[in-house]
Amino acid sequence: MQPFADAATQLCPYCGEEVEVDVDSLGASAESYVEDCPVCCRPWQVRVTRDDDGASVFLGRDDD
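This is a predicted model, so every value here is computed, not measured. (Residues numbered from 1 in each chain as written. Predicted model: local features only at pLDDT ≥ 70, side-chain atom pairs only at ≥ 80, totals over all residues. Heavy atoms only, no water.)

1. A closer look at the overall build of the protein chain
For step 1, the next point in the chain: Tallying secondary structure elements over the protein chain gives zero helices and five strands in all.
For step 2, the next point in the chain: Computed over C-alpha atoms, the radius of gyration of the protein chain comes to 12 Å, within 12% of the 11 Å expected from 2.2 N^0.38 for 64 residues, which places it in the range of a compact globule.
For step 3, the next point in the chain: Across its three principal axes, the protein chain shows a C-alpha extent of roughly 35 × 25 × 15 Å.
For step 4, the next point in the chain: Residues classed as buried in the protein chain amount to 23% of the 64 residues present.
For step 5, the next point in the chain: For the protein chain, long-range pairs separated by at least 24 residues make up 27% of all intrachain contacts whose partners lie at least 6 apart in sequence.
For step 6, the next point in the chain: Here the protein chain has roughly 4,500 Å² of accessible surface; of this, 46% comes from carbon and sulfur atoms.
For step 7, the next point in the chain: Taken together, the 4 basic and 15 acidic charged side chains of the protein chain have centroids lying 9 Å from each other. (Helix = DSSP H or I, 4+ residues; strand = E, 2+ residues; numbered from the N terminus. Rg over C-alpha atoms; globule rule 2.2 N^0.38 Å. Buried < 20%, exposed > 50% of the residue type's maximum accessible area, 1.4 Å probe, protein only. Contact = heavy atoms within 4.5 Å. Areas by Shrake-Rupley, 256 points an atom, 1.4 Å probe, with all protein chains shown as cover. Lys, Arg positive; Asp, Glu negative; His and termini not counted. Charge placed at Lys NZ, Arg CZ, Asp CG, Glu CD.)

2. Considerations on the pattern of salt bridges
Two side chains of opposite charge can pair, provided their charged atoms sit close to one another.
For step 1, the next point in the chain: Evaluation of the coordinates by the stated rule reveals one salt bridge.
For step 2, the next point in the chain: Among the ionic pairs, Glu31 bridges to Arg50, the shortest N-O distance being 2.6 Å. Here Glu31 is found in strand β3 (residues 30–36), whereas its partner Arg50 is found in strand β4 (residues 43–51), with 19 residues between them in sequence.
For step 3, the next point in the chain: Taking the relative accessible area as the measure of exposure, Glu31 reaches 33% and is therefore partly exposed.
For step 4, the next point in the chain: A relative accessible area of 13% means that Arg50 is categorised as buried. (Salt bridge = Lys/Arg side-chain N within 4 Å of Asp/Glu carboxyl O.)

3. Quick word on the pairing of strand β5 (residues 54–61)
Residues in a regular strand point their side chains to alternate faces of the sheet.
For step 1, the next point in the chain: Two elements, β4 and β5, share eight bridges in a ladder whose sense is antiparallel. Along β5, the bridge assignment pairs Asp51 with Gly54.
For step 2, the next point in the chain: Remark: two residues form the turn of the hairpin made by β4 and β5, two consecutive strands paired antiparallel. (Pairing = 2+ DSSP bridges.)

Okay, structure coming up:
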């Protein structure tokens, strides 16, 4: 059985720590949502895009 989510390694835009974001490989071609950093607890704006090559993740500051 395949996992439902893949882990994407990113840097927190606030504290700079390396973090893993769980991303579903299937879903809409683009989505965004807010998630808190597990290290500094500040809110990220998570943007996910999906294409034939898989999912891409971008973390932005929620206060931008």
